[in-house]
Amino acid sequence: MLKRLVLTALTIGLIAFLAMPSHASLVPMSWGFPSMVEKNSLTSFQSMFQEATDVESAEISFPSTLSSCTSSLGFSFPTILQNADATSTLSQIAFQNQEQFAQFAYPWLSIGGSPVPSMGFM
């Protein structure tokens, strides 16, 4: 009797379970193509100015008065002068401009409560 009661209860439970409609709690599917964009710009300007001056002067002069050296000869050497002036100027300007652009897009598909959008392998 107990066996028949348990079997009847299981049969009623199985019929009630099969009679319920099926359902699932899924979130809507979302998709898209997110893009990552990178843009860099570099500008460089250089200005250089240089000036160098070199002034040299040399003078060799012998006295014209009679001394122990020149008294026997009776003459003296003339005065010798040498001047050298040099000037150097350098000017340089440099300009550089560099631009870089990169863009990357991938398909994005998410079904359910995924915390990370998939790239096809997650």
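Worth saying up front: this structure is predicted, and the values here are computed from it rather than measured. (Residues numbered from 1 in each chain as written. Predicted model: local features only at pLDDT ≥ 70, side-chain atom pairs only at ≥ 80, totals over all residues. Heavy atoms only, no water.)

Topic: the overall build of the protein
Phase 1 of the analysis: Helices and strands together make up the secondary structure of the protein, namely one helix and four strands.
Phase 2 of the analysis: Starting at the N terminus, the α and β elements of the protein follow one another as α-β-β-β-β.
Phase 3 of the analysis: Per-residue burial over the protein gives 5% buried out of 122 residues.
Phase 4 of the analysis: In the protein, the share of contacts with a sequence separation of at least 24, taken over all contacts with a separation of at least 6, comes to 81%.
Phase 5 of the analysis: Per element, the accessible surface of the protein, about 11500 Å² overall, is 63% carbon and sulfur. (Helix = DSSP H or I, 4+ residues; strand = E, 2+ residues; numbered from the N terminus. Buried < 20%, exposed > 50% of the residue type's maximum accessible area, 1.4 Å probe, protein only. Contact = heavy atoms within 4.5 Å. Areas by Shrake-Rupley, 256 points an atom, 1.4 Å probe, with all protein chains shown as cover.)

Considerations on the confidence of the model for the protein
Phase 1 of the analysis: When pLDDT is averaged along the protein, the result is 78, and 67% of the positions lie at 70 or above.
Phase 2 of the analysis: Throughout residues 118–122 the model reports pLDDT below 50, and contacts reaching past four residues in sequence, or to other chains, amount to seven contacts. (pLDDT = per-residue confidence, 0-100.)

Here's the deal with a nonpolar patch on the surface
Phase 1 of the analysis: On the surface, a cluster of nonpolar side chains totalling about 440 Å² of accessible area is made up of L2, L5, V6 and L10.
Phase 2 of the analysis: By secondary structure assignment, the location of L2 is in helix α1 (residues 2–19). (Patch = residues over 30% accessible without salt bridge, like charges linked within 9 Å, V, L, I, M, F, W, Y side chains within 5 Å. Salt bridge = Lys/Arg side-chain N within 4 Å of Asp/Glu carboxyl O.)

Things to note about the environment of E59
Phase 1 of the analysis: Summarising the element assignment, E59 is placed in strand β2 (residues 35–60).
Phase 2 of the analysis: The exposure class of E59 is exposed, given its relative accessible area of 57%.
Phase 3 of the analysis: In this structure the C-alpha to C-alpha distance between E59 and I80, which are 21 residues apart in sequence, comes to 5.7 Å.
Phase 4 of the analysis: E59 has contacts with T79, I80 and L81, leaving out every residue within four places of it along the chain.

Considering the environment of L90
Phase 1 of the analysis: One can find L90 in strand β3 (residues 80–105).
Phase 2 of the analysis: Taking C-alpha positions, L90 is 8.8 Å from A52, a pair spaced 38 residues apart along the chain.
Phase 3 of the analysis: Not counting residues up to four positions away in its chain, the partners in contact with L90 are M48, F49 and Q50.

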